[in-house]
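Notes for the structure review
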Amino acid sequence: MYRTEFTYNLSEAPAAIQFQACSFYCRVWVNGVEIGDHRAGGYVAFALNVPMSAAAKDGSDSNELFVLADNRFNSTTAPMHTGGDFWHFGGIMRSVELHALPAPQSNSPGGFPWRAYALPASMTSVNVSVQLTDTSFNGDVNLSIGFDNGPPVLYGAQAVNGSVDIGTIDVPQPRAWSTTDPQLHIVQVELNGASVIERFGLRQFGVDNETARLTLNGEVIKLVGWNHHTQWPNTSASPTDDQLDADIKLLQRGGANYVRGAHYPQDPRWLDRLDEAGMVMWSETLGPGVSVDNTTDPVFMSFQKQQLNEMIDNAMNHASIMTWGWFNEGPSDKDDACPAYQACADIANARDPTRFTTWASDKNLHDVCFEAASLISFNNYPAWYTSGEPAETWNNFANSVHAGSVKGTIGKPFVISETGAGGIYEWSHNASAEKWTLAFQTQIIIEDVETALANDNVSGITLWHFFDFKTNDATENNTHCDYIPDVYPPTCAYINVSSGRPGGENHKGVIDFWRREKPAYQAVAAKYNATKSGKD
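Residues numbered from 1 in each chain as written. Predicted model: local features only at pLDDT ≥ 70, side-chain atom pairs only at ≥ 80, totals over all residues. Heavy atoms only, no water.

1. What to know about the state of the cysteines
Enumeration over the complete set of coordinates arrives at 3 disulfides. Disulfide pairing places Cys22 opposite Cys26 at an S-S distance of 1.8 Å. For the disulfide bridge between Cys22 and Cys26, the dihedral angle about the S-S bond is near -85°, and by the sign convention the bridge is left-handed. In this structure, Cys22 and Cys26 share a single accessibility class: buried. There is a disulfide in this structure between Cys481 and Cys492, and the S-S distance comes to 1.8 Å. With the S-S dihedral at roughly -120°, the linkage between Cys481 and Cys492 falls on the left-handed side. Residue Cys481 is located in strand β29 (residues 481–483), and its partner Cys492 is located in strand β30 (residues 492–495); the two are separated by 11 residues in the primary sequence. With respect to burial, Cys481 and Cys492 carry one shared label: buried. For the protein chain, numbering the cysteines in disulfides from first to last along the sequence yields the connectivity 1-2, 3-4, 5-6. Residue Cys344 stays outside any disulfide, its sulfur separated by 11 Å from that of Cys369, the closest cysteine. (Disulfide = S-S within 2.5 Å. Buried < 20%, exposed > 50% of the residue type's maximum accessible area, 1.4 Å probe, protein only. Helix = DSSP H or I, 4+ residues; strand = E, 2+ residues; numbered from the N terminus.)

Structure, rendered in structure tokens:
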């Protein structure tokens, strides 16, 4: 339970409260009046309107905000939290923001601009649309729109249910966003004395017609990087700005130009940094552990669609995002599940045709739903979970996708969305390169990377994982670590490796949970950085 006070005169005008993340299930009251709840996933931003009827009884501008957050796994209150071998943090994890809304007596047709979207139409222009605070408004509006603090231009348009499509606008002095020179623009939209400012980038993701390779701004590109959970020492899922900056620097030094946001919508501060660093981003909805029953359940799918829309609402302007994804390692080998995959793709494509749609499939060549994807993505761990060798496994997958051996894959780029091996940080001086040693981890990961870099049918790779991270309760049992006394960061003198998650952690990171580098980090960094200089 959370309680705080804020100053705002609700007797004069309504407001909106935006939560960037409240997990798993949240109910919200203002001055004892319940204003709403949220069940569509604990990692996605949402907003609730605060009506004037919730004003303080004494007429003052002092208000109480009360939030009840329930972090129990429950299919009714938290249907999106279907599982997943990582720690699902609970509570208010990100910022909470108060937004003023127009007073009813004010002459403000349409209300205020709530969101403005600027999707690249070309390398010099954007399609601009605006969402108004009055979602029921139909009629004419005059919007003032300017770029990069330049002089605004007045645009007349028709609002339909609070949504305004301005059309294509040329961007003055356009600059391209790329992985090597991530130039960004801002757009400011004003209506009825209120304004919203959004940042965007001019860039175009595409597919080379001859090779089916992924392109950025018309040029074939090889994307390399890691999966990245939202976990940090001491701050858990609520990192400081310094912690975010430090991880970005580690990714940059590691040669990454590609990050997959596993397994849920990411903190907007993290997305801002990826935009600025020129790192291509995969954004996906929460949903590991989704079953066929989930995908065929209308109630579950209604929340999944809400979550997907909310993720797009909050992240569409981020230049770094290349991919909208869902249902990590879901039931995509079952025909009955395919309509759910297609329903998600239909939403994403209708709202944003500038990006790819995909999911991380562990069904690989047995996936039957790829007609709903525009990017083909496989999870597999050769030489770790499976008996095959990395080169044999990945070359077979990539070449089969390229050849169209799997229905729905022809002409679509292929990426490795997860692969890797575990290595315990303390196991650095073992006499042999056995499983769990850092030598074994480095060997397997480098074979994965070398294969991805050498095969032109692989457009990208995100290794699993960037850092070691905390897993769920079930995998913590009987996996204890005996810590060396008075040593910080915590270091194991002994660790039980009888389970797949020693010490309750996933040890596939190339750095440990405390961001201490393993040999695999330097080895991968050398390979990734060589792609930028043409040495590999």
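Next, the rest of the story.
2. Brief notes about the sheet that holds strand β24 (residues 356–358)
On the basis of which strands lie adjacent, the open sheet formed by 8 strands has the order β24-β23-β22-β21-β20-β27-β26-β25 and parallel pairing. Where the open sheet ends on each side, the last strands, each with one partner, are β24 and β25 (376–379). Each strand of the sheet is rotated relative to its neighbour by a mean of 25°, with strand direction disregarded. Relative to strand β22 (residues 280–284), strand β21 (residues 258–261) is paired through 4 bridges, and the arrangement is parallel. (Pairing = 2+ DSSP bridges. Axes fitted to C-alpha atoms, helices over the stretch in contact; angles between N-to-C directions.)

3. Topic: the side chain of Lys222
Here Lys222 is to be found in the loop between β19 (219–220) and β20 (223–228). We note that Lys222 is buried and unpaired, the nearest opposite charge coming from Asp456 at a distance of 4.8 Å. Here the side chain of Lys222 touches Asn455 through a polar contact of 2.9 Å, landing on its backbone oxygen. In this structure Lys222 touches Arg213, Asn257, Ala452, Leu453, Asn455, Asp456, Val458 and Ser459, once residues within four positions along its chain are discounted. (Lys, Arg positive; Asp, Glu negative; His and termini not counted. Salt bridge = Lys/Arg side-chain N within 4 Å of Asp/Glu carboxyl O. Polar contact = N/O pair within 3.5 Å; in protein donor to acceptor, adjacent residues only side chain to side chain. Contact = heavy atoms within 4.5 Å.)

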